[in-house]
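Listed below, chain by chain, are the residues.
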Amino acid sequence: MSEEKCLVSQKPYLFAHTHMKRVLILLLAGLTLSIAAPLWAQEEGSAIATLSRVEGYVEVFSEAKSKTRRGREGLMLFAGERVNTGKDSKVTVEFRDGSTFRLFRKTDFLIEEGIEQQTRERSFKYQLSMKLGSLHGRMKRGMQRTRLRTPTAIVGVKGTTVRITETSKGQATIGLSEGKIEVTNAVSSIELNAGQWLPEIGRTDELDEKIAKLPNLLFLKTEEYELDFSDKQSKQLFISIQMEDSQSGKMTKRTGPVRLESEYYSIKMPNQVFLDAEGFIRFPIEIDPPRMDDPEFNGLIQIRANMDDIGFDDVGEGMMVLRVVNGQRKRSLFIDPQNDRIEKR
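What comes next is a walk through the structure. (Residues numbered from 1 in each chain as written. Predicted model: local features only at pLDDT ≥ 70, side-chain atom pairs only at ≥ 80, totals over all residues. Heavy atoms only, no water.)

**Considering a positive patch on the surface**
Right, on to step 1. Side chains of K125, R145, R147 and K158 sit close together on the surface and give a patch of like positive charge.
Right, on to step 2. Note on R145: relative accessible area 42%, which makes it partly exposed. (Patch = residues over 30% accessible without salt bridge, like charges linked within 9 Å, V, L, I, M, F, W, Y side chains within 5 Å. Areas by Shrake-Rupley, 256 points an atom, 1.4 Å probe, with all protein chains shown as cover. Salt bridge = Lys/Arg side-chain N within 4 Å of Asp/Glu carboxyl O. Lys, Arg positive; Asp, Glu negative; His and termini not counted. Charge placed at Lys NZ, Arg CZ, Asp CG, Glu CD. Buried < 20%, exposed > 50% of the residue type's maximum accessible area, 1.4 Å probe, protein only.)

And the structure:
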């Protein structure tokens, strides 16, 4: 066969081979994009919080997508989404670090920004706003910095338990049960301490002239504060809650719903109870022994109580601490002098 014929006969093969290589490269590139895109989208738009304890009708509106979703248990929330509660509704917004905001009825709450900071210790930074309504917030100590803005004031919180209400009349009420916060309006800025509140402040009020002691608080008590689990049996306790005047200690006769919370994993108690006309309630709870292999349990069980509705910004949170004795495994202290390390085992 001549050289010319040979070259001609190879051209279809060379063209087909080159074409197949191009197609393969394009297919691989497309596959890479299809795999990488969802991962990138997940990193860039990961959920910041979820909804829990949904009561009544709740809406979640995405400003970026102009889309409204109905609030439900476990619904994921993203930056730029607005949570609105109806006239008989409540919902809890739980952030990734464990911080929570309980939104009461007719509340307009916006998650402007949420950033997980890659520092030495995992930390979070939140930028939030409430156009109208009322909330109770508990921020995890040492893990986050939160800035909450209302039309009246800006509240800087860190490791705090706070209640905030913003009315349609342009007034805000802020009550603090735990920690410290910085409150700023158009003309002044102050630091609010635990047990203090700012009732009905305006944008141009001198805030240092409005500070007062929280008028009321919830007082919790029981008959036994030390729990001996050496028999490995559950314990039943009766808890009493009384609303009291914070200065005189006298009972405050007001009825209303109380939300109960505890981070202990083996406790059975109602999510909510109701104070009677005397501002009092007594109810049973059951506590199981702690897990023997739990290195994080420090032997203390905290139970918190908060008024679970609007109109109670003047009532401070109640807390009770129970101590577990003879219920944990014995630990040893391991000392490694070469690596300058001490750890519990």
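Additional details are given in the paragraphs that follow.
**Examining the side chain of T152**
Right, on to step 1. You can see T152 is positioned in the loop between β10 (144–149) and β11 (154–157).
Right, on to step 2. Residue classification places T152 among the buried residues on the basis of a relative accessible area of 2%.
Right, on to step 3. Among the polar contacts listed, one links the side chain of T152 to the side chain of E166, at a separation of 2.6 Å. (Helix = DSSP H or I, 4+ residues; strand = E, 2+ residues; numbered from the N terminus. Polar contact = N/O pair within 3.5 Å; in protein donor to acceptor, adjacent residues only side chain to side chain.)

**Examining the pattern of salt bridges**
Right, on to step 1. On inspection of all chains with the given rule, the structure shows 22 salt bridges.
Right, on to step 2. Here R304 ties to E178 by a salt bridge, and the two come within 3.1 Å at their closest N and O atoms. Remark: E178 occurs in strand β13 (residues 172–178) and R304 occurs in strand β25 (residues 300–307); sequence separation between them is 126 residues.
Right, on to step 3. For R304, a relative accessible area of 13% gives the class buried.

**Comments concerning unusual backbone geometry**
Right, on to step 1. Not every positive phi belongs to a glycine, and R53 is a case in point at roughly 50 degrees.
Right, on to step 2. Tracing the chain through its elements places R53 in strand β1 (residues 49–55).
Right, on to step 3. Taking the relative accessible area as the measure of exposure, R53 reaches 28% and is therefore partly exposed.
Right, on to step 4. Look at S66: it is not a glycine, yet its phi comes out positive at around 50 degrees.

Without other data, these values stay purely geometric and don't point to any function.
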